[in-house]
Amino acid sequence: MNTLKFLLGCWLVLVSGWSLAAGTQVTDDRGVTHRWDMPPQRIVSLLPSLTETVCALNACDRLVGVDRYSNWPLAVQGLPKLGGGIDPSVEAVLALRPDAVLIARSSRGVEQLQALGLKVVVLEPTDLAGLQRVMTQVGQLLGLDAAQTALQWQAMDQALSTLAQSLPASSRGARVYFEVNNAPYGASESSFIGELLTRLGARNILPAAMGPFPRVNPEFVVRADPDLIMVGDQTSPGLTQRPGWAKMRALREQRLCVFSPAESDVLVRPGPRMAEAARLMADCLRRKAP
């Protein structure tokens, strides 16, 4: 049975008893439960994937401020920018009087914002199950009927299945290295990026045991000698300068997919544009897999 469909079935059973009569509540990734007498109408989002999720659930109009990297959809580009997700401007957030602040676990602003009496909802998915969970949590926070959120997930999952079926057999089994940034950090099998690659029939050279987004020793990639490399355009110019990389088959045979900044945003954000991210990967596999 398809793992995503199984998770969806379990999720629908769990959320089928939602009731908004007694107000709205959501339990975040820390296990902290937040309650409101009515669904929040003034929301600050300090993570681009959370901003996109709010908008995908037709609640863009409730956003009153976002982090500096939130740039999609177009409707959020005119909102006040409140610093980075890791280091938000606490004073600027407070000035907007939000009913809820959506933020990543890794942010340094969590404790400060809580100390000021704000309801800080910590959500940060790293895999597809986490992405689905966060969509559910945001739907709860917005006061949506469970079926509305379920339909969003079903549509994305179906689009992903259709993409996977459209790929030629020749592209399946390609060994892929996906670099998230030039530290370098990569996306392993256990990340949402790695899971998308698996759904598309590719094999990831970074095992799940390394964690979702491990810092990678460049020599590890040389030894693994992937068939195909996926990377953002800000990183690609320096690849052949890394010791041993110019001799790797993927670079010798130009089996390299370089994504624009806008495409990289789609690929590295675990949000509602998952199907578009999978399309970008599928196009790369179709063109470049050996």
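Residues numbered from 1 in each chain as written. Predicted model: local features only at pLDDT ≥ 70, side-chain atom pairs only at ≥ 80, totals over all residues. Heavy atoms only, no water.

### Observations regarding the overall build of the protein
The number of helices and strands found in the protein is 11 helices and 11 strands. For the protein, the C-alpha radius of gyration of 20 Å lies close to 19 Å, the compact-globule estimate for 290 residues. The principal-axis extents of the C-alpha atoms in the protein amount to approximately 60 × 40 × 35 Å. Residue burial in the protein is summarised as follows: out of 290 residues, 52% are buried. The contacts of the protein with a sequence gap of at least 6 include a subset with a gap of at least 24, amounting to 59%. Looking at the protein as shown, the accessible area adds up to about 13,000 Å², and 53% of this sits on carbon and sulfur atoms. Within the protein, one finds 29 positive and 26 negative side-chain charges whose respective centroids are separated by 4 Å. (Helix = DSSP H or I, 4+ residues; strand = E, 2+ residues; numbered from the N terminus. Rg over C-alpha atoms; globule rule 2.2 N^0.38 Å. Buried < 20%, exposed > 50% of the residue type's maximum accessible area, 1.4 Å probe, protein only. Contact = heavy atoms within 4.5 Å. Areas by Shrake-Rupley, 256 points an atom, 1.4 Å probe, with all protein chains shown as cover. Lys, Arg positive; Asp, Glu negative; His and termini not counted. Charge placed at Lys NZ, Arg CZ, Asp CG, Glu CD.)

### Some remarks on the confidence of the model for the protein
Residues with a pLDDT of 70 or more make up 92% of the protein, whose mean pLDDT is 92. For residues 6-21, every residue scores under 50 in pLDDT, and the model assigns this stretch 21 contacts once sequence neighbours within four places are set aside. (pLDDT = per-residue confidence, 0-100.)

### Side note on the pattern of salt bridges
Applying the stated criterion across every chain, the model contains 12 salt bridges. Where Glu179 meets Arg242, a salt bridge forms, and the shortest distance between an N and an O atom there is 2.8 Å. Of this pair, Glu179 sits in strand S7 (residues 175-181) while Arg242 sits in the loop between strand S10 (228-232) and helix H9 (249-252); the two residues are 63 residues apart in sequence, bridging distant segments of the chain. Of the charged contacts, one joins Arg286 and Asp283 as a salt bridge, the two residues approaching to 3.0 Å between their closest N and O atoms. Separated by 3 residues within a single helix, Arg286 and Asp283 lie in helix H11 (residues 274-288), roughly one turn from each other. Classification of Arg286 by relative accessible area gives partly exposed; the value is 37%. On the accessibility criterion, Asp283 (26% relative accessible area) is partly exposed. (Salt bridge = Lys/Arg side-chain N within 4 Å of Asp/Glu carboxyl O.)

### Concerning the state of the cysteines
Taken as a whole and judged by the stated rule, the model has 2 disulfides. Each sulfur of the disulfide joining Cys55 and Cys60 lies 1.8 Å from the other. In this structure, the disulfide formed by Cys55 and Cys60 twists by about 75° around the S-S bond and is classed as right-handed. Here the two residues Cys55 and Cys60 agree in accessibility, since each one is buried. Each disulfide pairs two cysteine sulfurs, and for Cys257 the partner residue is Cys284, the sulfurs being separated by 2.0 Å. Judged by the torsion about the S-S bond (100°), the Cys257/Cys284 disulfide is right-handed. One end of the pair, Cys257, is in strand S11 (residues 256-259); the other, Cys284, is in helix H11, with 27 residues separating them in the sequence. (Disulfide = S-S within 2.5 Å.)

### What to know about the nonpolar core
Ranked by size, the top nonpolar core spans 58 residues in total, and within it Leu63, Leu141, Phe178, Leu200, Met230, Met281 and Leu285 carry the most contacts. Ranked by residue count, the leading element in this core is H11, at 8 residues. Judged by nonpolar contacts, the second largest core, of 14 residues, contains Val64, Leu82, Val110 and Val122. (Core = buried A, V, L, I, M, F, W, Y, C linked by side-chain atoms within 4.5 Å.)

### Structural notes on the environment of Leu102
Within the fold, Leu102 resides in strand S5 (residues 100-103). Placed 17 residues apart in sequence, Leu102 and Gly85 show a C-alpha to C-alpha distance of 9.8 Å. With sequence-adjacent residues up to four places away left out, Leu102 is seen in contact with Ile43, Val44, Ser45, Leu46, Leu47, Leu50, Val54, Val121 and Leu141.

### Some words on the side chain of Asp29
By secondary structure assignment, the location of Asp29 is in the loop between strand S1 (24-27) and strand S2 (33-36). Aside from chain neighbours lying at most four places away, what touches Asp29 is Arg105, Val122, Leu123, Glu124, Arg133, Val134 and Gln137.

### Regarding the packing of helix H5 (residues 128-142) against helix H6 (residues 146-166)
Where H5 meets H6, the axes come as close as 9 Å, and the angle between the chain directions of the two elements is 150°. Relative to H6, the element H5 is oriented roughly antiparallel. At the point where H5 passes H6, the crossing takes the right-handed sense. Contacts between H5 and H6 involve Leu128, Leu131, Gln132, Met135, Thr136 and Gly139 on the former and, on the latter, Thr149, Gln152, Trp153 and Met156. Within the contact of H5 with H6, the residues separate by chemical class into 5 nonpolar, 5 polar and no charged. (Axes fitted to C-alpha atoms, helices over the stretch in contact; angles between N-to-C directions. Parallel < 35°, antiparallel > 145°, perpendicular 65-115°, else oblique. Left-handed = near helix turned anticlockwise from the far one by under 90°. Nonpolar A, V, L, I, M, F, W, Y, C, P; charged D, E, K, R; others polar.)

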